[in-house]
Amino acid sequence: MIQGKGIFAASPSGWTNQQGTATVTALLAVIALVGVSGAFLTTTLRSQVEREGAVDDYAAIQVADAGIVLGMAHITQGDYDNIGSEETPWKFGSGGCFASIVDNDDGTFTITSRSEVAGEEAVVEAVVSFAAESEVFSNALFAGNSDENNGYTLKINGGGIYADEIYGDVYSGGSVNFIQDAFLDGALRARKNVLGNYQGEEGIEMSGPDLPGMNYEATATFNVADYFDSGDAYYASAAPGGHAWQLPEDSPAHIFRKNPSDRTSRLNMTEGDDYFLEDPYEPNGSDSEQVGDDPSEITLSGVNGEPGVDSNRAVFYIDGNLWMDNSATYSFRFKHGLESGVQVTFVVRGNIYFGDNLFYENEETDGIAFIAMKHPDFEDSGNISFGDPTLGTLREMHAFMYAENDFLDINLDSSGSESVRLYGNMTAGNQIDIQRDFGSKHSKLIVDFDERIKNGDLDQPGIPGGGSEEGAARLQVLSWRLLTGQEAVGAVVLDPGDDEEPQDDPDLPIEVDVDPPVDVDPPEDVDPVDGDSGDSGGSSKKKKWWWQWWD
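For clarity, every value in this text was computed on a predicted model and none was experimentally measured. (Residues numbered from 1 in each chain as written. Predicted model: local features only at pLDDT ≥ 70, side-chain atom pairs only at ≥ 80, totals over all residues. Heavy atoms only, no water.)

K.L.:
Can you tell me about the overall build of the chain, naming the residues and giving the values?
P.N.:
Summing up its helical and strand segments, the chain has 8 helices and 36 strands in all. Evaluated residue by residue, the chain yields a buried proportion of 57% over its 551 residues. A sequence separation of at least 24 residues applies to 69% of the contacts in the chain between residues at least 6 apart. On the chain, roughly 21,600 Å² of surface is accessible, and the fraction owed to carbon and sulfur atoms is 44%. (Helix = DSSP H or I, 4+ residues; strand = E, 2+ residues; numbered from the N terminus. Buried < 20%, exposed > 50% of the residue type's maximum accessible area, 1.4 Å probe, protein only. Contact = heavy atoms within 4.5 Å. Areas by Shrake-Rupley, 256 points an atom, 1.4 Å probe, with all protein chains shown as cover.)

Structure representation (structure tokens):
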């Protein structure tokens, strides 16, 4: 924390009951309308502060965060003036804060809030922006058809007991067709034609989220490539199979293995590096029945006694490809033992490939999201492939999934999965292509829409523009960090004449999405040590989908 003279010591008379009451009333209104204070002021910060073990420190951070929330409320009203001052701070609870709001002239705003509670001080900085409205995470299936292909039709198929079942809303930026006995329990919308067994709305325009505007490379909690480029990476064998680049258990990126030697056939089919989501520090579970009884566990650093910095409620950014495909297991699960669950988002600038099952430990509180972004150097990127065409080992997935480009749901083997259940959503900025027919056989697809993000019941970090009420301004937090040491000294600088008396805030009919990642300094840019094998993943890779090479 900041050392030296207290920031409010010079003017204790600056506090008044009237100011405190007005501020608390305004913030209560904000909290009631925004609905984020519980997650924002407690859940996200709890683990970091508990490590410091100081109640007053925690309270000071809470009060500083109250200044951030109030600043966001002011921005949505077009008010960019500073909040309070050192002489006349805003009183909140047993302390107070003052904050500066800076328009960065690039669509973002920096709010810096300084607080004091019982002699303890905290400075919090957040970079926020207005979120582009998007209905992606309000639909079970969403195909934006960003290429504007007039011939595109989203097809839902199947007959009898193998008919697809969709529980949730469906949108197509082209046409949509429910064929044979395919079942829908939800709204049906399309930009062009609604065909088949269900009536719906036509001429509807919906857009995908603005992923470049999220600036994940700069704002994500953990940049995975930075960790593997550090001197901590080493090349070794592990239970998940083969030799691969790995990281120590206390690293937040230890849950990835880079370019494993036993999966060169996959590596040679992609552009860029390949990261496999698997934990070399946990034993493999086979889960031979594929029901989640014995999955391979993945544990996050700093969670429930695990070593390292807390990596829960984090956004992991991967420049490369992400795989969940392992010959030693059928299933994976994030193990945590927390009543509040784990919520993490994986953003991949490349492609994502799912060949194995993923289960939540707690379907009510856990949240896992996967976002595939286009890579500027690789045309065939920003895709999600869903299904194992050789062994049919993907039968259940618990996740929110969005592909900026295409989402391909595939099962090309007659011995493949007879049915696949998805608890989450299946969405794409361009097209969803469902290929689950083999001869006369259809592999049943069940999409059970997870509406917790839509309803505000799940505070999933790093989710881009998930939609908002009509007429409501919506802010998203691009980055959040607690300033300490020299960074905190003089961090809140108010322009002369900004020392205005605090006043009552008007009612604030706003919606604010708050996903503040924990700031972590990336490792030094040092090349990893040489491995014991030349198969560490070369750069010469074919630009093809992985199943096109399986014979």
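K.L.:
Please provide a residue-by-residue account of unusual backbone geometry, values included.
P.N.:
The backbone of D287 sits at a positive phi, close to 50°, despite the residue not being glycine. The phi dihedral of Q290 is positive, around 60°, even though this residue is not glycine. Relative to the assigned elements, Q290 resides in the loop between β18 (274-277) and β19 (296-298). Classification of Q290 by relative accessible area gives buried; the value is 8%.

K.L.:
A description of the side chain of R452 should follow, citing residues and the corresponding values.
P.N.:
Inspection of the secondary structure assignment puts R452 in helix α8 (residues 452-455). Reaching out from R452, the side chain makes a polar contact with the backbone oxygen of E363 at a distance of 3.2 Å. A polar atom in the side chain of R452 sits 2.8 Å from the side chain of D450. If we skip the residues at most four places from it in the chain, R452 touches Y360, E363, E364, T365, D366, G367, F400, Y423, D457 and L458. (Polar contact = N/O pair within 3.5 Å; in protein donor to acceptor, adjacent residues only side chain to side chain.)

K.L.:
Which residues make up the nonpolar core, and what are the values?
P.N.:
By size, the foremost hydrophobic cluster in this structure holds 91 residues, and its most contacted members are F256, F346 and F370. Apart from the residues within four sequence positions on either side, F370 is in contact with L277, L322, F346, I352, F354, L358, I384, A399, F400, M401 and Y402. Among the nonpolar cores identified, the runner-up in size contains 27 residues, and V63, A66, C97 and L482 belong to it. (Core = buried A, V, L, I, M, F, W, Y, C linked by side-chain atoms within 4.5 Å.)

K.L.:
Describe the pairing of β18, with residues and values.
P.N.:
The side-chain alternation of β18 yields two buried faces, one formed by D274 and F276 and the other by Y275 and L277. Pairing of strand β17 (residues 256-258) with β18 involves 3 bridges; the strand directions are antiparallel. Paired with R257 across the two strands is F276, which belongs to β18. Pairing of β18 with strand β21 (residues 321-324) involves 3 bridges; the strand directions are parallel. Across the sheet, residue D274 finds its bridge partner in β21, namely N321. (Pairing = 2+ DSSP bridges.)

K.L.:
So what's going on with the sheet that holds strand β6 (residues 153-156)? Residues and values would help.
P.N.:
Backbone hydrogen bonds hold the strands of a sheet together, and the pairing may be parallel or antiparallel. On the basis of which strands lie adjacent, the open sheet formed by 3 strands has the order β6-β9-β12 and parallel pairing. Of all strands in the sheet, those with a lone pairing partner are β6 and β12 (194-196), marking the two edges. Each adjacent strand pair in this sheet contributes to an overall mean axis angle of 20°, direction not counted. As paired elements, β6 and strand β9 (residues 175-178) share 4 bridges and run parallel to each other. In the strand pairing of β9, T153 is matched with S175. (Axes fitted to C-alpha atoms, helices over the stretch in contact; angles between N-to-C directions.)

K.L.:
Please give an account of the pairing of strand β28 (residues 396-403) that cites residues and values.
P.N.:
For β28, a buried count of 8 out of 8 residues is recorded, marking the element as mostly surrounded by other parts of the structure. Of the two faces of β28, the one holding E396, H398, F400 and Y402 and the one holding M397, A399, M401 and A403 are both buried throughout. Relative to β28, strand β26 (residues 367-373) is paired through 4 bridges, and the arrangement is parallel. In the sheet register, F370 faces β28, and the bridge partner there is M401. Bridge count between β28 and strand β30 (residues 419-428): 8 bridges; the pairing is parallel. Within the sheet, the bridge partner assigned to Y402 lies in β30 and is T427.

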